[in-house]
Amino acid sequence: MKKREGDRLPLRIHWGGSHFVRQSPGQERTGGLTGGEFVGYQALYRKYRPQTFEDVKGQDVIIRTLRNQIRTGRIGHAYLFCGSRGTGKTTVAKIFAKAINCENLQDGDPCLTCRSCRAIADGASMNVIEMDAASRNSVDDFRQIIDEIAYPPADGRYKVYIIDEVHMLSGAAFNAFLKTLEEPPAYAVFILATTDPQKLPDTILSRCQRYDFHRISSDVIEKRLQEVLTQEQIEAEEKAVRYIARKAEGGMRDALSIMDQCVSFYTGGRLTYEQVLDVLGTAPRTQYAVMLSQTLQFDCSGLLTTFDSLLMSGRDTRQIIGDFTWYLRDLLLFKASGGTAESLNLTDEDAEELLKAGKNVSEDRLMYLIAVLSEVAGDLRNASNPRITAEVGLIRLCRPETSGADPLAASARLDEVAQQTAGLSERLNRVEEAIRDGRMIAAPGAGQDGEKASGKAGDADRREVPKLVAPELFSRIQGQWKNTLQAMKDPGTGSIMANLAEPWYNSSDQETLYVAFDDDWVKAYRDNQKVKEEFQDILEAKYGVRPEVRFVSKCEMQQRTDSVRVQDAAKIEGIDFPIEEED
Ligand SMILES: [Zn+2]
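Rules behind the numbers
Residues numbered from 1 in each chain as written. Predicted model: local features only at pLDDT ≥ 70, side-chain atom pairs only at ≥ 80, totals over all residues. Heavy atoms only, no water. UniProt positions renumbered as here; feature names shortened; annotations may be inferred. Donors = N, O, S within 2.8 Å, 3.2 Å for Na, K, Ca; no water. Tetrahedral: all angles 85-135°; square planar, octahedral: opposite > 155°, others 65-115°. Helix = DSSP H or I, 4+ residues; strand = E, 2+ residues; numbered from the N terminus. Contact = heavy atoms within 4.5 Å. Pairing = 2+ DSSP bridges. Axes fitted to C-alpha atoms, helices over the stretch in contact; angles between N-to-C directions. Core = buried A, V, L, I, M, F, W, Y, C linked by side-chain atoms within 4.5 Å. Buried < 20%, exposed > 50% of the residue type's maximum accessible area, 1.4 Å probe, protein only. Domains from an automatic or database assignment. Salt bridge = Lys/Arg side-chain N within 4 Å of Asp/Glu carboxyl O. Expected span 1.5 Å × (residues − 1).

For the protein chain, an unreviewed UniProt entry supplies the name DNA-directed DNA polymerase and the organism Porcincola intestinalis. Looking at the Sequence similarities (unreviewed entry) heading of the UniProt record, one finds this comment for the protein chain: "Belongs to the DnaX/STICHEL family." Per its UniProt entry, the protein chain bears the Catalytic activity (unreviewed entry) comment "DNA(n) + a 2'-deoxyribonucleoside 5'-triphosphate = DNA(n+1) + diphosphate".

As structure tokens, then:
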């Protein structure tokens, strides 16, 4: 028997391979191998988890290399499997563990029927030790493993340690591990799996054979999904399957889990594209086309309204931002490829839609939008209020002055702002001096900074009201609201004020400009003296006045009988309040 194994399997046999009692062929096969034998429901990704190298899809180079090593008996001591989730790292690790212990190797693949294969499949083997470093990362957890390594396998050839999410180990655990890696017992094989190899110490990295698991192409995933559907006797629209394959972003496990979800929601009939969108909480692409067109028209409030309606229909903030980004990415690839982009795997319908959407937008602009959205997606990961973070991001998309994606233009604009600010403080000093000296008794009227006062707003009013803010000035401030706020140093704050706040008129306090925010927002600004002062500076530079500024909520303003929105003030006060159009 020893001889026969040696012939077939030239592994270095360090430990009694002949101890095995081979079971005769045809003896019972138990669970975990293929579908059909399970009574209870089993998740698709478990049921269709590859059991041999042959079954693993989309990692051809890695599989070929590992199989060759097994065929030729050149087994290393430490393997590092890197790659994003669901790309097959632990699946391959387990097949590898089975193969190197298999008594009846089939061309580098485990036989699945020998005692060792079955024990490993059942999780009953003492030779395969799995550890999840994400939950057990202390040096004590690790010491257990290390202590145990001293004992050779009682059965089989190799002891295989599969350590998942190995980058989560503590520093002390890494140190302890390093000692073992420097002089591993001949029978020990470590397979380290990680999504984040950069976090591993170099000393560990340099002792491992590294294998990078790639994201699996959506074609490969789609094919696999079709196979599974056929086996499960489930009918599905091609578009539905294609969408799931893309949505999985290169992870086979995710693809199967998504499909599981969709199938369990819609038992019976044929699985449709709409059902898949529904289960995944994805909005139809047309919604993203609308968002893009609103973005391109700098229609900020429209964009926020669409976003709001998607939220109201039960979609998740992160998902909306993510899906919008994917939509723009598709569009960019589509344009860049001159409208072919086979890799996009689009349906004719989608392609037609992208062709239409692509006409109005440049590649540069798309890249800029994607860059902003990617940042937003990053911010969303730690956001305590994801909705607000997303809204600020969407407002940024709508800012025309940053649309060039041209760093020179952006820095030129910064310089301009810096100059303005310098000019402002100089000017402020002069004004303060003048006030101290008593030279300035009445407030400077509007228009002193060279701008013409708006058409009909009575000159008489201005002279008769020696208040800091003359009524018609309110209307000018309102009319130039967004332009004015573009001068804010922090574009985010400027955008929020421009889009989520409005000036209010208070008949009993005309020396104060009330800025009423949406209720969610006022908390962030109510006591922000710095922003208030900056805003005052801007008002002064632009209009020659420096009113008190108060940040309040729309709600509280609405409750005050003496306060109205500036545009409503005209009607109530009977004053001619022409609201200027923004330039
Ligand atoms: Zn076997």
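Don't stop here, the text continues.
Student: In this structure, what is going on with the coordination of the zinc ion? I would like to understand it.
Tutor: Ideal geometry at a metal gives 109.5 degrees between four tetrahedral donors and either 90 or 180 degrees between six octahedral ones. For the zinc ion, the protein coordination sphere consists of C102 (SG), C111 (SG), C114 (SG) and C117 (SG), at 2.2 to 2.3 Å. Around the zinc ion sit four donor atoms; with metal-centred angles ranging over 99 to 121 degrees, the donor geometry is tetrahedral.

Student: Is there a simple way to think about the environment of P50 in this case?
Tutor: Note on placement: P50 falls in the loop between α2 (44–47) and α3 (60–72). The contacts of P50, once residues within four sequence positions are left out, are D55, V56, T91 and I95.

Student: Honestly, the sheet that holds strand β4 (residues 188–194) in this entry has me stumped. Any pointers?
Tutor: What holds strands together in a sheet is hydrogen bonding between their backbones, with the strands either parallel or antiparallel. Reading across the sheet, the five strands line up as β2-β3-β4-β1-β5 and stay open at both edges, with parallel pairing between neighbours. Since the sheet does not close on itself, it has two edges, and those belong to β2 (128–132) and β5 (209–212), each with one partner. Across the sheet, the mean angle from the axis of one strand to that of its neighbour is 15 degrees, orientation sign disregarded. The strands touched by helix α7 (residues 171–182) within the sheet are β1 (78–82), β3 (159–164) and β4, with β4 carrying the most contacts at an inclination of about 135 degrees.

Student: Sorry if this is basic, but what is going on with the nonpolar core here?
Tutor: One recurring pattern in soluble globular proteins: nonpolar side chains tend to sit buried together. Formed by 64 residues in total, the largest nonpolar core has its most connected members in F324, V515 and F517. Counting residues domain by domain, this core receives three or more from each of domain 3 (285–399) and domain 4 (442–573). The contacts of F517, once residues within four sequence positions are left out, are I496, M497, L500, A501, V522, Y525, F551, V552, S553 and K554. The next biggest cluster of nonpolar side chains, apart from the first, holds 30 residues, and it includes I100, C102, C111 and C114.

Student: Even after reading the chapter, I still don't get the pattern of salt bridges, so can you show me in this structure?
Tutor: It is possible for side chains of opposite charge to pair when their charged atoms get near one another. Under the criterion given, the structure shown has 24 salt bridges. Between R546 and E540 there is a salt bridge; the shortest N-O distance is 3.0 Å. Within the structure, one salt-bridge network assembled from shared partners comprises R246, R285, R329 and D330.

Student: I would appreciate a short explanation of helix α4 (residues 89–101) in the present structure.
Tutor: It helps to recall that an α-helix has 3.6 residues per turn; residues three or four apart then point in one direction. Compared with an ideal rise of 1.5 Å per residue, which puts 13 residues at 18 Å, α4 spans 19 Å between its outermost C-alpha atoms and is within 8% of the ideal. Counted residue by residue, α4 has twelve buried out of 13 residues, so it is predominantly covered. When we look at burial in α4, the residues that qualify are K89, T90, T91, V92, A93, I95, F96, A97, K98, A99, I100 and N101.

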